[in-house]
Amino acid sequence: MQKTLYRDLALVDAARRALSPGHSILVDDGRISWVRPRDSEEEPGGEFELVDAGGTTAIAGMVDAHSHLTLPGGSHWLDRVLDDTESLWRVAEHNATLLRQAGVRWARDVGAPVREGRAVSLAIRDSWQGRPGYPHIRAAGTWLTSKGTMPDGYAVGVADGDELVRAAEGQLDQGADLIKLYMDGPDRETAPFNTSEVTKLVAAVAARGAKVTAHSGNLAGAKVAATAGVAAIEHGFQLDAEVVGLMVANGVRLVSTLAVLESWRGFATTTDQSRFSAPEGRGAVASRREWAHYSVRIAHQAGVPIAAGTDFGGGSLRANQLAWEVECLVAAGLDPFDAIRAVTANGGDLLGEPDAGHLREGGPADFLLVHGDPLTDPAAMWRVWRVSW
Ligand SMILES: [Zn+2]
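Read on for an overview of the structure. (Residues numbered from 1 in each chain as written. Predicted model: local features only at pLDDT ≥ 70, side-chain atom pairs only at ≥ 80, totals over all residues. Heavy atoms only, no water.)

Next up on the list: helix 7 (residues 241-250). Restricting attention to buried positions, one finds in helix 7 the residues Val-243, Val-244 and Met-247. Within helix 7, the buried residues cover an arc of 100 degrees as seen down the axis, which keeps them to one side. In helix 7, the exposed residues that point more than 90 degrees away from the buried face are Ala-241 and Ala-249. On the buried face of helix 7, the contacting elements are helix 6 (219-228), strand 15 (232-235), strand 16 (253-256) and helix 10 (279-302). Residue Asp-240 occupies the N-cap position of helix 7, its side-chain oxygen lying 3.2 Å from the main-chain nitrogen of Glu-242. Following helix 7 by one or two positions, Gly-251 has its phi on the positive side, about 65 degrees. (Buried < 20%, exposed > 50% of the residue type's maximum accessible area, 1.4 Å probe, protein only. Helix = DSSP H or I, 4+ residues; strand = E, 2+ residues; numbered from the N terminus. Arc of directions from axis to C-beta. Contact = heavy atoms within 4.5 Å. Polar contact = N/O pair within 3.5 Å; in protein donor to acceptor, adjacent residues only side chain to side chain.)

Structure (structure tokens):
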């Protein structure tokens, strides 16, 4: 039986930024045939499964715009990067299951360990392609950094701007969909690459039809990345009005990962790792969190498009926690409608995938039903009732 009729759900009406209850959706062979008011359904024709969706809200399949497929997260997330190849694959398989259960249809992998000369994420993306129930993947290959910024085994470290361009071309040759540039270090006040180097990188990667996205936890790196016009700043934990102005002028998006800092707050009591549990550690996390919330708020107010990710695996979260980021964006000052947009349509825009993060007639049947009203109660995003794929 190929057809499924979902009856009596609420839709998010984008024009009114409000829920519109009493709708039905017919899915036929993985596509949305129609979306209609419940009392004017069309005859599905032939056999179909009826799903009584009363009390749920339909949300477009989510886009986790910042993820690390091969890694499990947790308070020792950095150690897990060095796990053997078999473990990385096993973790990725588990993550695929977690993503589906949480209603995440697309994941953008922004950095994976290299094994046998190639980022593992690229082979995983290829092996999942077209497999029912698996997420759609776009992957950046591995991290590109300035030599010495990360310990051995974590990333490709380069000595200068020319090497950086060659390293990016190498990732693209191996099949990377985008390039991940690491813009933290060597210290908090200095960026690892200058504006001219990053501008050249952006141009060289654009000539190959791809984009550069920049990890930035510190203000110095964010300023260089925004000036050079990267596609997006990842994390953006330290932005200011000047950097936000540059982002608007140069069309740079923000990919928020605020929930990472909430998870670190929890580690203050669930671990005895002094980075989180000692008074200085707690203080550092608290002030980082405060600046990160401010950054998201001023970027949103200035009109910077915000996509959102968990940073699962490459940070401490797990693959089924994108709802947490919705809650964090609301805590930072976004309206729930805009927070949900960050994990759906804005993620699709970032990927350049017109179907990703949208629920519409004729489109793929990629939606989830959540129990409750996420526009007044963003925690409803955790209460996934069913996914349609
Ligand atoms: Zn990350």
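That shown, we press on.
To continue, consider the nonpolar core. Counting residues in hydrophobic clusters, the biggest one holds 99 residues, and the most contacted among them are Val-198, Val-230, Ile-233, Met-247, Leu-254 and Leu-329. In terms of residue count, the dominant contributor to this core is helix 11 (residues 322-332) (six residues). Formed by 13 residues, the second largest nonpolar core is a distinct cluster that contains Leu-9, Ile-25, Val-35 and Ala-365. (Core = buried A, V, L, I, M, F, W, Y, C linked by side-chain atoms within 4.5 Å.)

Taking every second residue as pointing to the same face, both faces of strand 11 (residues 143-146) are buried, with Trp-143 and Thr-145 on one and Leu-144 and Ser-146 on the other. Where strand 11 meets strand 12 (residues 156-158), three bridges bridge the pair, whose relative direction is parallel. For Ser-146, the partnering residue across the bridge sits in strand 12 and is Val-158. (Pairing = 2+ DSSP bridges.)

By secondary structure assignment, the location of Thr-4 is in strand 1 (residues 3-13). By relative accessible area, Thr-4 is classed as buried at 11%. Aside from chain neighbours lying at most four places away, what touches Thr-4 is Ile-25, Leu-26, Val-27, Glu-49, Val-51 and Arg-386.

Moving on to the sheet that holds strand 7 (residues 104-109). Note on sheets: strands pair through backbone hydrogen bonds, and any given pair is parallel or antiparallel. Strand order in the open sheet formed by three strands is 6-7-10, with parallel pairing between adjacent strands. Looking along the sheet, the strands with just one partner apiece sit at the ends: strand 6 (62-67) and strand 10 (136-139). Across the sheet, the mean angle from the axis of one strand to that of its neighbour is 15 degrees, orientation sign disregarded. The pairing of strand 6 with strand 7 spans four bridges and is parallel. (Axes fitted to C-alpha atoms, helices over the stretch in contact; angles between N-to-C directions.)

Let us look at the side chain of Ser-216. Summarising the element assignment, Ser-216 is placed in strand 14 (residues 212-216). Ignoring sequence-local partners within four residues, the contact set of Ser-216 consists of Asp-184, Gly-221, Ala-222, Ile-233, Glu-234, His-235, Gly-236 and Phe-237.

Quantified by volume, the largest pocket comes out at close to 880 Å³. Around the largest pocket, the lining is made up of 36 residues, and of these Tyr-182, Asp-184, His-215, Arg-275 and Arg-288 lie nearest the centre. Taken together, the elements giving at least two residues each to the lining of the largest pocket come down to helix 1 (77-80), strand 13 (179-182), helix 8 (259-270), helix 9 (274-277) and helix 10. Residues of the lining of the largest pocket, tallied by class, amount to 17 nonpolar, twelve polar and seven charged. Of the pockets and cavities examined, the second largest pocket occupies roughly 400 Å³. Along the walls of the second largest pocket sit 17 residues, with Val-12, Ala-14, Ala-60, Gly-357 and Leu-359 positioned nearest its centre. Those elements that place two or more of their residues in the lining of the second largest pocket are strand 1, strand 5 (56-60) and helix 12 (336-342). Taken together, the residues that form the lining of the second largest pocket break down as eleven nonpolar, three polar and three charged. (1 Å grid on protein atoms, 1.4 Å probe; cavity = no way out; pocket = protein on both sides within 12 Å on 5 of 7 lines; lining within 4 Å. Points joined across faces, edges and corners; volume = space filled by probe spheres on them. Nonpolar A, V, L, I, M, F, W, Y, C, P; charged D, E, K, R; others polar.)

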